[in-house]
Amino acid sequence: MARILIVDDDALLLLTTASALEGLGHEVTRCGEPLKAADIVEKTSPHIAVLDYAMPLLKGPELLARIRQGAYGKSLPVIFLSGTDPLRYAHSIPPDPRVVFLKKPATIADLTDAITNLLDPDGWSQNH
């Protein structure tokens, strides 16, 4: 299973999303303070990060830029969650096959599919 970092300023959403992913066997690190997220990436080496797009103090593109500055974060796959339709904000992040956008409320099935597709884009693990 995957090591996942979840960053969201909504404590309830952070708790429920993390708990659901932990229930599926993933190791989840929770972060409610986006200013600390880039440091957490470097310390915990997650396989993937799930980031809220609109947070106070640091918006999604700014957080992604900070993550990408780190040695480990340069190639980290990222899933952005937002209550706003992704077409309204996806243009603010350069095209990157390691970045996916999901609209809140995303189901755990949608989130799990996005995680699987980013970590195993060729479906290798399902074929062996």
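The structure under discussion appears in the preceding block.
(A) Geometry of the packing of helix α1 (residues 11-23) against helix α4 (residues 108-119). α4 packs onto α1 with a crossing angle of 65° between their chain directions and a minimal axis gap of 11 Å. As for how α1 packs across α4, the hand of that crossing is right-handed. Between α1 and α4, the residues in contact are Thr 17, Ala 20 and Leu 21 and Ile 108, Leu 111, Thr 112 and Ile 115, respectively. When the residues that make up the contact of α1 with α4 are grouped by side-chain class, the tally is five nonpolar, two polar and no charged.

(B) Seen up close, the pattern of salt bridges. Per the stated rule, a full pass over the model turns up six salt bridges. Between Asp 8 and Lys 104 there is a salt bridge whose closest N-O contact spans 3.3 Å. Taken as a pair, Asp 8 in the loop between β1 (3-7) and α1 and Lys 104 in the loop between β5 (99-103) and α4 lie far apart in primary sequence, 96 residues in all. Look at the salt bridges and you will find they share partners, linking Asp 8, Asp 52 and Lys 104 into a network.

(C) Region of interest: α4. An ideal rise of 1.5 Å per residue puts 16 Å on twelve residues; α4 measures up with 16 Å between its terminal C-alpha atoms. Contacts made by the buried residues of α4 are with β1, α1, β3 (48-52), β4 (78-82) and β5.

Conventions used here
- Numbering of residues starts from 1 in every chain and runs along the sequence as written.
- Per-residue local features are limited, in this predicted model, to residues with pLDDT of at least 70; the limit for side-chain atom pairs, both in listing and counting, is 80 or more; totals at the level of whole chains, interfaces and linings are taken over all residues.
- Here the side-chain values reflect all heavy atoms present in the structure, with hydrogen atoms and water set aside.
- Interaxial angles span 0 to 180 degrees and are taken between N-to-C directions of axes, which are lines fitted to C-alpha atoms, for helices over the stretch in contact.
- Only runs of H or I of at least four residues qualify as helices and only runs of E of at least two qualify as strands under DSSP, and these elements are numbered from the N terminus.
- Rotating anticlockwise by less than a right angle from the far helix to the near helix defines a left-handed crossing, while the corresponding clockwise rotation defines a right-handed one.
- Contacts are assigned to residue pairs with any non-hydrogen atoms lying within 4.5 Å of each other.
- For this classification, the nonpolar set comprises Ala, Val, Leu, Ile, Met, Phe, Trp, Tyr, Cys and Pro, the charged set comprises Asp, Glu, Lys and Arg, and every other residue, Gly included, is treated as polar.
- Just to be clear on terms, a salt bridge is a Lys or Arg side-chain nitrogen sitting within 4 Å of an Asp or Glu carboxyl oxygen.
- Here a helix's expected span is defined as the number of its residues, less one, multiplied by 1.5 Å.

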